[in-house]
Amino acid sequence: MLKSYLLIALRNFRRHPSSFYINLAGLSAGLSCSILIMLWVFDEIKVDRFHANADRIFNVMEFQTYADGVFATISTPGILSTALKEEVPEIEYSCTMTWSTEGQITYGDKKLNAKGRYADPDVLRIFSFPLIYGDRETALNDPSSIVISRETAMSIFGREDVVGENLRYLSWDNGSYEITGVLENIPDNSTLDFDYLIPFEEFRKNNPWTTKWGNNGPRTYATIVEGADHNQVSEKIKDFIKGKNEDSSIELFLFPFKDFYLKGSWEDGKQSGGRIVYVRIFMVVAGFILLIAGINFMNLSTARSARRAKEVGIRKTLGAARKSLIWQFLGEALVIALSSLVISLLVVSLLLGPFNELTDKEIAFSSLLQTDFLLSLTLITLVTGILSGSYPALYLSSFAPVKVLKGRVGLKGGEAFIRKGLVIFQYTLSIFLIIATAVIYLQIQFIQNKNLGYKQDNLLYFDINGNLEENYEVLADKLRQIPDVKQVSVCSHSFQGRNNNSGGVTWPGIAPETNILFEMVGTDHRLNDLMGFEMLEGRFFSPEFGTDTTAVVINEKALEIMNLENPIGTTIKFWDGEWKIIGVNKNFHFQSVRSEIAPMIMRYDPDFAWFFYIRVSGQNMTQTIQKIEDAYNEINPDYLFDYHFLDEDYARLYRGEVRVGKLAGYFGLLAILISCLGLFGLSAFTAERKTKEIGIRKTLGASFSSIIILLSKEFTTLIVVSLVIAVPIAFYFMSEWLTDYKYRIQLSWWIFGLAGFIALIIAWLTISFQSVRAANQDPVKSLKIED
């Protein structure tokens, strides 16, 4: 029986190759796209989930309440970890860890800039990063110990087993550290990236602010004991900091570490958005593309039903049951689906390299062979085949043998309505994807080209370290002598996110209990000239005014919050001091445009600066940078000259959006092409069905253009209906997507009009081949064709 079904299926494929190849191409393209999306989704979902106790590892986070809302942060007091472990029995392990910082490791004459973190010893008990040399239990117990990655070991020593060797780490004390462990290289699906770990005790020793409950900065991670309910533990530690600091209003909560990568975004104290949005979007896109390919199959199979009608009639006359016919047609659909799967796997193997480059992933083809992925892929293929073949199978098997053998098989109104409905649904999805792609592209262009409020080009910077901490003015003098150096300055801010902020700022007329989080910046008198900030009122810092050490410049947002009519000369209070406002800067973006500009206070405090900024002309760039490096090495010879361009680093804030935009564009184009395949097949069928009608019309004098309109009118109407349905749906969903951005484009009518125009043009081009062919056919030959 199975062999018979297979032979019949192959015979029909050979008899009607155009339908077979259109269906095969459509399903292959749809499955290829879906497999790539599935690989990306699986890779995203697996981030940070490889740790042995991933279900019990949590970020200890804070809710900070201010007058303008609730702020969620991973920054915590540096002494929180130890206190939690000692006082909360449900906490099995806890560790404090700093943000990733760049430091220089030296061994003899070898120097290496690497990314590292300071962390408590429990970090190796909480996270199961493989330790290939050393003892996990004791590796970070000694404050003078260091654990490095295998790659770092190979870069410095040329070998892996380096436990017991001593390195010099250039930091606050330029101390010597003994290597007590070597970690396997941190995997790509880890958000905690580092080349080395140093005990947090060393950081605390040089940063006494980490010993106070009122100061935040480091991150805190914890493992709860097996069997503990994390919601109950979270509720238990809610007021933990309030118990240590009576002036605090901070509330603690636990958030699963494994979910932070995808869901680590909050708005006014509620989890909102995050990368999980993109995961869901692309899963829906994959489903849409498979639906479009499946609809092609249904439409072409039912449209050409007359070709199979006599076969069905004869088989029913010979005693074939409807059930067996259904299985036969479903079997044909499954053969095409499984054939498409084989082709799609070959396509994916060819596209995986470019896809990895596009998505900044390192997905191996072996990922396809993992059991969970194979099961998912097989299930999707079978479901696609069954759903695509179900309607044609039920439809074809329903033919009455008497009517079929008498040649009375025609297109019924209900069947035509279903087919038109499927085409409308298909093109509604396609137009929706065109609109979504256009909106994403325009928003990305908007945020990349938005005026940030300062000049970003030709601006390089590097860390202030070593001898620069005491001699930054000496370096500034040397650099200003270089012809193509326009200006230099020092600043505590990276202009790529929130770096240092504080509450507790008061001003005249402040409402009782008001607390606002202000961004705090320390700088010198040259920053305004270097960055090109615009002054709204007053002036910037100047060496001509000795009192500027107790002066501040605020931004426009801070002035709006303070609601001061005459800000210049007004005294505000914070950090146990009084500060006089001497100027107001116009707002500028110092973090992603996804976030609203926050209030900022600048102080004249170059000793507080962490970064050295240099504005160059852009001419003779290679020679200029070499001269800057020479001046740097003369003053700070122990450190490598490691610089960055601000515009390049700022662009990295939007890498995710850029990748998503490109993926949406490619997948949207693919959806349109698959839809066009189906439209091509249906237009060929329509032209074939109307061959005699066209012959008669041409004999009676119908023009070439009227024939074209005859064949195109029905499809044009369907696409216009699709556009009418797709526009409000796309408007709603894309408006929701744009709400994640505080600064965003407006959804103008022309975006939707352009999407409809593109859909119509592509459809007309697709239909035109068959229409022109039919219109050019000799009417004499057309009238000789038998039904």
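Use the structure listed above.
Reference entry: report on the structure contained in this document. Predicted model only: the values in this text are computed from it and were never measured.

## With respect to the packing of aromatic side chains
The final tally for this structure, using the stated rule, is 52 aromatic pairs. When the ring of Tyr169 is compared with that of Tyr177, the centres are 6.1 Å apart and the planes differ by 75°; the resulting orientation is edge-to-face. Overall, the relative accessible area of 4% leaves Tyr169 in the buried class. Take Tyr177: its relative accessible area is 2%, and that puts it in the buried class. Judged by centre distance (5.3 Å) and plane angle (10°), the rings of Phe462 and Phe612 are stacked. Placement of Phe462 in strand β15 (residues 459-463) and of Phe612 in strand β24 (residues 611-616) is noted, with a sequence separation of 150 residues between them.

## Structural notes on the pattern of salt bridges
Across all of its chains, the model carries 33 salt bridges by this definition. A salt bridge links Glu202 to Lys205; its shortest N-O distance comes to 3.1 Å. Of this pair, Glu202 and Lys205 both sit in helix α6 (residues 200-206), 3 residues apart, roughly one helical turn. Given a relative accessible area of 54%, Lys205 falls into the exposed group. Among the ionic pairs, Glu519 bridges to Arg498, the shortest N-O distance being 2.9 Å. Highlighted residues: Glu519 in strand β18 (residues 518-523) and Arg498 in the loop between β16 (485-491) and β17 (501-502), separated in sequence by 21 residues.

## Notes on the environment of Glu92
With respect to the helices and strands, Glu92 occurs in strand β3 (residues 91-97). Taking the C-alpha atoms as reference points, Glu92 and Ile126, 34 residues apart in sequence, are found 9.1 Å from one another. When near neighbours in sequence (up to four residues on either side) are disregarded, Glu92 contacts Arg56, Lys85, Thr223, Ile224 and Val225. A distance of 2.9 Å separates polar atoms of two side chains, one belonging to Glu92 and the other to Arg56.

## Some words on helix α19 (residues 621-635)
The first and last C-alpha atoms of α19 sit 22 Å apart over 15 residues, in line with the 21 Å expected at 1.5 Å per residue. Listed as buried for α19 are Thr624, Ile625, Ile628, Ala631, Tyr632 and Ile635. Here the buried residues of α19 occupy an arc of 120° about the axis, which is enough to place them on one side. More than 90 degrees from the buried face of α19, the exposed residues found are Thr622 and Glu634. Those residues of α19 that are buried lie in contact with β15, α16 (468-480), β16, β24 and β25 (644-645).

## A word on unusual backbone geometry
Of note, Asn563 is a non-glycine position whose phi angle comes to about 55°, a positive value. Here Asn563 shows up in the loop between α18 (556-562) and β21 (571-574). One non-glycine residue, Asp576, lies in positive phi territory at about 60°. Given the relative accessible area of 89%, Asp576 is considered exposed.

## Remarks on the pairing of β15
Here β15 lies mainly inside the structure; 4 of its 5 residues are buried. Here 5 bridges tie β15 to β24, and the two strands are oriented antiparallel to one another. Residue pairing across strands places Tyr461 opposite Tyr613, the latter belonging to β24. Looking at chain direction, β15 and β25 are connected through 2 bridges and run antiparallel. Counted as the bridge partner of Tyr461 is His644 from β25.

Rules used throughout
Residues numbered from 1 in each chain as written. Predicted model: local features only at pLDDT ≥ 70, side-chain atom pairs only at ≥ 80, totals over all residues. Heavy atoms only, no water. Phe/Tyr/Trp six-rings, centres within 6.5 Å; stacked < 30°, edge-to-face > 60°. Buried < 20%, exposed > 50% of the residue type's maximum accessible area, 1.4 Å probe, protein only. Helix = DSSP H or I, 4+ residues; strand = E, 2+ residues; numbered from the N terminus. Salt bridge = Lys/Arg side-chain N within 4 Å of Asp/Glu carboxyl O. Contact = heavy atoms within 4.5 Å. Polar contact = N/O pair within 3.5 Å; in protein donor to acceptor, adjacent residues only side chain to side chain. Expected span 1.5 Å × (residues − 1). Arc of directions from axis to C-beta. Pairing = 2+ DSSP bridges.

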